[in-house]
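In case you want the letters, here they are:
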Amino acid sequence: MDDTTPVSELSEAQAKVEILALAAQLSSANAAYHTNDSPTIDDGTYDALKRRNAEIEAAFPHLKLDDSASEQIGSSPSDKFTKITHAQRMLSLSNAFDADDVKDFDKQIKGFLGLSGDQSVSYTAEPKIDGLSLSLRYEKGRLVQAATRGDGETGENVTANALTITDVPHFVKTDIEILEVRGEVYMSHADFSKLNAKQTENGDKTFANPRNAAAGSLRQLDPAITKSRPLRFFAYAWGHLSKPLASTQMCGIEKLAELGFSTNDLTKIFENIDAMLDHYSAIETQRASLGYDIDGVVYKVNELALQNRLGFRSTTPRWAIAHKFPAETAWTRLEAIEIQVGRTGALSPVARLMPVTVGGVVVSNVTLHNEDYIEGRDSKGFPIREGRDLREGDWAKVYRAGDVIPKIADVDLSKRPDGSRHFAFPKLCPECGSDAVRENNDSVRRCTGGLICPAQAVEKLKHFVGRGAFDIEGLGAKQVEQFYLDGWIKEPADIFSLQTRYGSGLQQLSNREGWGGKSADNLFQAIDGKRTISFGRFLFALGIRHVGENTGKLLANHYGSWPIFRDVMAAISTEGSSDWEELLGIDGVGDVVAKALLGAFGNAEEMASIDRLAEKLIIEDAEVSVSDSPVAGKIVVFSGSLEKMTRAEAKATAESLGAKVSGSVSKKTDLLIAGPGAGSKATKAASLGIETLDEDGWLELIGKV
Ligand code: IVH
């Protein structure tokens, strides 16, 4: 097929491929023309592409895309990719750094499953490819969608680009109606060198490492550019499946290979941890000669039935782990130590380094954590770097492992300049001059300026508009800073009244540095598009200390809606009240989180600022679990010993069915599962009239017998 094939002769599959390619070409041409003011194709070619697109749409109306180019007037709505919600989340892996971590992983798995030490679990071990993950969705054997991982829940639609990768089959012969294949897009060392040589020749920017080159090449708006880049793909996992692919990880991989995917031939099965660790060493020995970057070895439980029982933590599976290779190191000069003030007031020292390449990237800043770290002590007061302090002018050893943030491993005292002095950590906030204090064994010194500290206010705003929070396109860290300096945005609520207050003034935005060709209208549209937000995300966006994405979700799921939560927070004035007990009873919410919430919501000014924001938004109630299980949405407490599964597995199972597991019985508890020795919890449940089941009753209720 090529674009001269008459439309009447196109098969449906060919039409789909062409429509996707045209969509990407047209959107890239639109972006170049309207957004960057630098057309990449002439008007005649543009019109021909548009005509061809319209003809195909007329012949195959059901293939017309939601954001079809034929319905766009002028510029495309966004210069980025469309978003795709993954049918099954794309997770990351927890890390092991040494053999003991791997043995712990095995122990935890056995503990969770209730196996004795001499019962073995088999694992697969395979290289961890240093690229970027991609999910390929096949429907009735045809590739219909390709998405990057994004934040794990939503990724970028890179279908047209993925179709240009030779290792990605357009069609597979399978009776699995919906098959999501997952794997890594990467670039080989040889291709990376060639690409960089070509970039240099053309005066274009070169890539720091093959991973960046692969990511930059896949995330091109014009698939023709992706096509010209030699990308490869290893399949190593799967997402949503309309029927099972296999019963073990290894057979699943073999099935993918049979379907035409490239799979890694260093993937092996092990029954024994020592042999698996030997395989790790063997792969590490071959690392330099493989021809592509790897940054560790991934171990996965081989039996899928066991994977299923083990399930997931919030962002990582319990049944897999990445055993990382040791970090790469490099020596460089520590030129200066600067203090940054974060959104929670933490004074964070940052070392400015003479730029040095470590693990394939140039490092010029590293965090020094806190004043104890600079002095050579850890949080418990034990020496680090054998107690050597860090000073401006020192020679420092920097290390970096894969995606790990670079750190300082050591300092060379023999090269310390004469007359160097201990670093004097400031006792006042360098941004607002307020006292900076250390409280109750906290190793972090914090500015006490609260909302009057401009650094805290700006950092809070940056967090608010950032990824995982409101994620407002066109309003990044730089822009927020500018608006704050102008006095146009002082707190999050101001973002949502920007148009009413400064709409006309903002039309001149495009003249300002950092705004490129973005128009004020696009910004207002993007802001308006984010007025509706899920409750959990809203809580995370507030930037309260210790309330991360996961805790935001936990709180949202527990309280259900913002008004309910807000009222509870307004009423929790004292620790020890029943609302306080309820908050602490939420599994995953400890004393630290509860106190942080109290700190934020108990502060009248902060509460008023949050109210001003909430007023301008639609905060969606937490999703009621779609699960039709009889325990969805119920608060369940386990007590006493269980015989058929471990407490950890019972809890994870209950949560996967939509129940909320709490550690203590209160009048809100719906169900107590009491094993032998349930004791005081059973007595309390009985006095409150709470339904109580034994383990068998519970298993029967959830259909596990
Ligand atoms: S399995 C649910 N296997 O590593 C687990 N991941 O740090 C799915 N990666 O996001 C991942 N090689 O991008 C798996 N052989 C391999 C891998 C691999 C590279 C990447 C993947 C993942 C990241 C987690």
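Residues numbered from 1 in each chain as written. Predicted model: local features only at pLDDT ≥ 70, side-chain atom pairs only at ≥ 80, totals over all residues. Heavy atoms only, no water.

**Re the sheet that holds strand β24 (residues 691-693)**
Logical step 1: Within the open sheet, the four strands sit side by side as β22-β21-β23-β24. Their pairing is parallel. Two strands bound the open sheet, and with one partner strand each, they are β22 (660-662) and β24. Averaged over all pairs of adjacent strands, the angle between their axes in this sheet comes to 30°, without regard to strand direction.
Logical step 2: Sheet topology places strand β21 (residues 635-639) next to β22; three bridges connect them, and they run parallel. Bridge pairing in β22 places isoleucine 635 opposite lysine 660. (Pairing = 2+ DSSP bridges. Helix = DSSP H or I, 4+ residues; strand = E, 2+ residues; numbered from the N terminus. Axes fitted to C-alpha atoms, helices over the stretch in contact; angles between N-to-C directions.)

**Considering the packing of helix α19 (residues 562-571) against helix α22 (residues 604-614)**
Logical step 1: Look at α19 against α22: their axes get within 13 Å of each other, and the N-to-C directions meet at 170°. Judged on the interaxial angle alone, α22 and α19 are roughly antiparallel. Contacts from Trp562, Arg566 and Ala570 in α19 reach Met607, Ile610, Asp611 and Ala614 in α22. (Parallel < 35°, antiparallel > 145°, perpendicular 65-115°, else oblique. Contact = heavy atoms within 4.5 Å.)

**Remarks on the packing of helix α5 (residues 189-201) against helix α6 (residues 210-218)**
Logical step 1: Across the interface, α5 lies against α6 with an axial gap of 10 Å and an inter-helix angle of 70°. Between α5 and α6, the crossing angle belongs to the class labelled roughly perpendicular. Of the residues in α6, those in contact with His189, Phe192 and Leu195 of α5 are Pro210, Ala213 and Ser217.

**Here we look at the environment of aspartate 410**
Logical step 1: Mapped onto the secondary structure, aspartate 410 falls in strand β16 (residues 407-412).
Logical step 2: Separated by 40 residues in sequence, aspartate 410 and glycine 450 place their C-alpha atoms 35 Å apart.
Logical step 3: When neighbours within four sequence positions are excluded, aspartate 410 is seen to be in contact with Trp331, Arg385, Arg388, Trp395, Ala396 and Lys397.
Logical step 4: At 3.2 Å, the side chain of aspartate 410 and the side chain of arginine 388 are in polar contact. (Polar contact = N/O pair within 3.5 Å; in protein donor to acceptor, adjacent residues only side chain to side chain.)

**Description of unusual backbone geometry**
Logical step 1: A positive phi angle, near 65°, is found at histidine 369, a position not held by glycine.
Logical step 2: With respect to the helices and strands, the residue histidine 369 is situated in the loop between β14 (361-367) and α11 (371-375).
Logical step 3: Of note in this structure, aspartate 471 is not a glycine but carries a positive phi near 50°.
Logical step 4: Looking at the element boundaries, aspartate 471 is found in the loop between α12 (454-465) and α13 (477-486).
Logical step 5: When its relative accessible area of 28% is taken as the criterion, aspartate 471 is described as partly exposed. (Buried < 20%, exposed > 50% of the residue type's maximum accessible area, 1.4 Å probe, protein only.)

**With respect to the confidence of the model for the protein**
Logical step 1: On average, residues of the protein carry a pLDDT of 88, and 91% of them reach 70 or more.
Logical step 2: Confidence drops under pLDDT 50 across residues 33-39; counting only partners more than four residues distant or on other chains, this segment forms 11 contacts.
Logical step 3: Segment residues 73-79: pLDDT under 50, and 11 contacts once partners within four positions in sequence are set aside and those in other chains are kept. (pLDDT = per-residue confidence, 0-100.)

**Description of the pairing of strand β5 (residues 142-148)**
Logical step 1: Most of β5 is tucked away, with six of its seven residues classed as buried.
Logical step 2: In the sheet, strand β4 (residues 132-139) pairs with β5 via six bridges, with the strands oriented antiparallel. Bridge pairing links serine 135 to alanine 147 in β5.
Logical step 3: In this antiparallel pair of consecutive strands, β4 and β5, the connection spans two residues, and lysine 140 shows a positive phi of 50°.

**Focus: the sheet that holds strand β13 (residues 347-358)**
Backbone hydrogen bonds are what pair the strands of a sheet, in a parallel or an antiparallel way.
Logical step 1: The strand order across the open sheet built from five strands is β14-β13-β12-β15-β16, with neighbouring strands paired in antiparallel fashion. With partners counted over all chains shown, the strands left at the sheet margins are β14 and β16, one partner each. Taking the axes of each pair of neighbouring strands and ignoring which way they run, one obtains an average angle of 40° across the sheet.
Logical step 2: As judged from the six bridges shared by β13 and β14, these two strands associate in the antiparallel manner. Within β14, the position partnered with valine 356 by the bridge is valine 363.

**Description of the site of the ligand**
Logical step 1: As a matter of local geometry, the ligand sits amid 14 residues, with Glu126, Ile129, Arg149, Glu184 and Tyr236 nearest to it.
Logical step 2: Between the ligand and isoleucine 129, the relevant distance is 2.9 Å, taken from a nitrogen atom to a main-chain nitrogen or oxygen of the residue.
Logical step 3: Glutamate 184 places a side-chain nitrogen or oxygen 2.7 Å from an oxygen atom of the ligand.
Logical step 4: Computed on the free molecule, the ligand has an accessible area of 530 Å², of which 89% lies beneath the protein chains in the complex.
Logical step 5: At the level of elements, β3 (123-129) and β10 (294-301) are the ones that each hand at least two residues to the shell around the ligand.
Logical step 6: Element by element, the count of residues in the shell around the ligand is highest for β3, at four residues. (Near = heavy atom within 4 Å. Areas by Shrake-Rupley, 256 points an atom, 1.4 Å probe, with all protein chains shown as cover.)

**Comments concerning the environment of isoleucine 702**
Logical step 1: Position of isoleucine 702 relative to the elements: it lies in the segment after α25 (695-701).
Logical step 2: On the basis of relative accessible area, isoleucine 702 is assigned to the buried category, the value being 11%.
Logical step 3: C-alpha of isoleucine 702 to C-alpha of aspartate 104: the two residues are 598 residues apart in sequence and 31 Å apart in space.
Logical step 4: Contacts of isoleucine 702, omitting those with residues within four sequence positions, involve Val631, Thr653 and Leu657.

**Concerning the packing of aromatic side chains**
Logical step 1: For the structure on display, the rule yields 20 aromatic pairs.
Logical step 2: A ring pair is formed by tyrosine 186 and phenylalanine 234, whose centres lie 4.9 Å apart and whose planes are at 10°; its orientation type is stacked. With a gap of 48 residues between them, tyrosine 186 in strand β7 (residues 178-186) and phenylalanine 234 in strand β8 (residues 232-241) connect regions that are remote in the sequence.
Logical step 3: Its guanidinium or amino end placed over the ring of tyrosine 373, arginine 385 lies 4.9 Å from that ring's centre, counting from NZ or CZ.
Logical step 4: In this structure, lysine 415 packs its charged tip against the face of tryptophan 395, placed 5.2 Å from the ring centre. (Phe/Tyr/Trp six-rings, centres within 6.5 Å; stacked < 30°, edge-to-face > 60°. Lys NZ or Arg CZ within 6 Å of the ring centre and 35° of its normal.)

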